Amino acid sequence: MTEKVERDVFNILVCDDDKEIAGAIEIYLRNEGYRVFKAYDGFQALETARRESLHLIIMDIMMPNMDGVQATMKIREEKNIPIIMLSAKSEDYDKITGLNVGADDYVTKPFNPLELVARVKSQLRRFTYLGSMTKAQMTGVYESGGLVVDDNEKRVSVDGEEITVTPIEFGILRLLTEHAGRVFSMDQIYETVWQEPAYNPENTVAVHVRRIREKIEIDPKNPKYLKVVWGIGYKIEKL
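Residues numbered from 1 in each chain as written. Predicted model: local features only at pLDDT ≥ 70, side-chain atom pairs only at ≥ 80, totals over all residues. Heavy atoms only, no water.

Engineer: What am I meant to see in the pairing of strand β10 (residues 226-229) here?
Structural biologist: Remember that side chains alternate between the two faces of the sheet whenever the strand is regular. The pairing of β10 with strand β11 (residues 233-236) spans 4 bridges and is antiparallel. Paired with Lys227 across the bridge in β11 is Lys235. As consecutive antiparallel partners, β10 and β11 are separated by 3 residues, and within that stretch Gly231 has a phi angle of approximately 85°, a positive value. (Pairing = 2+ DSSP bridges. Helix = DSSP H or I, 4+ residues; strand = E, 2+ residues; numbered from the N terminus.)

Next up, the structure:
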């Protein structure tokens, strides 16, 4: 059974370089009984996320030092908590970018504080109901359409046919399939799979991705599963 967390112990991080906006959001959230932490750039957000037990993050996109997109990508490497992104921009590209790197919701400035609070409540209800661990994570078997990655037996199959992959190829497939629909940068893929700092990993990662496509795709030039998101990275399509 998923352990429920009472509202008054929810810890929420508000990250916005505009201190007045951060302070205003804090007031509304505290009125709802939430405990609020504040940060004013992505680096501070990362430090708080690692130090505190957070249940939700409200993250502005445009910030100095480290922006909200970069911070979200880093946080998603370690945590599965809900993230709501804020931005003064309303273009579809900004919204899609935020969602692709792992945000759960998106609110455009200026916003109604009561609407933001309602979205916070909705995300917290969904998170505490579903729990932070999915069935796939508990069983170690990750699927997207006909693609199945079994982390227990270290096997990959497509439409029931087992595919032979190298350990590196398996690592990439496991990472992307476990988080199907989420985009990972080449740096993230390299550092997670190779377990070492990434220094210009583009060619290395691209070569392995090409080999994986040749093995799992019917038409590698028009992939069904392993997609590129130009300028950002790669993802396994959530089917």
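Past the structure itself, the notes keep going.
Engineer: Help me understand the nonpolar core, please; the structure alone is not making it clear to me.
Structural biologist: Counting residues in each nonpolar core, the largest one holds 25 residues, and the members touching the most others are Leu147, Leu173, Leu176, Ile189, Ile216, Leu226 and Ile236. Those elements that place two or more of their residues in this core are β7 (147-150), β8 (155-158), α7 (167-178), α8 (186-194), α9 (202-216) and β11. Here the element with the most residues in this core is α7; it accounts for 5 residues. Residues in contact with Leu173, not counting those within four places in the same chain, are Leu147, Val149, Val156, Val165, Glu178, Ile212, Ile216 and Ile236. Counting 24 residues, the second largest nonpolar core, distinct from the first, contains Met66, Val69, Ile81 and Phe127. (Core = buried A, V, L, I, M, F, W, Y, C linked by side-chain atoms within 4.5 Å. Buried < 20%, exposed > 50% of the residue type's maximum accessible area, 1.4 Å probe, protein only. Contact = heavy atoms within 4.5 Å.)

Engineer: Help me out: how do you make sense of the environment of Asp17 in this one?
Structural biologist: Mapping Asp17 onto the fold places it in the loop between β1 (11-15) and α1 (19-31). With relative accessibility at 36%, the residue Asp17 sits in the partly exposed group. Here the alpha-carbon distance between Asp17 and Tyr40, two residues 23 residues apart in the chain, equals 4.2 Å. Those residues within four positions of Asp17 in sequence are excluded, and the remaining contacts are Tyr40, Asp60, Met62, Met63 and Pro64.

Engineer: Honestly, the sheet that holds strand β6 (residues 141-144) in this entry has me stumped. Any pointers?
Structural biologist: Strands in a sheet are paired, the pairing made by backbone hydrogen bonds, and the direction either parallel or antiparallel. With antiparallel pairing, the 4 strands of this open sheet are ordered in space as β6-β7-β8-β9. The sheet is open, and its two borders are formed by β6 and β9 (161-163), each paired with just one other strand. Strand-to-strand twist of the sheet, defined as the mean angle between neighbouring strand axes without regard to direction, takes the value 25°. Relative to β9, β8 runs antiparallel, the two sharing 3 bridges. Along β9, the bridge assignment pairs Val158 with Glu161. Against the sheet, α7 makes contact with β6, β7 and β8, and its axis sits at roughly 110° relative to β7, the strand it touches most. (Axes fitted to C-alpha atoms, helices over the stretch in contact; angles between N-to-C directions.)

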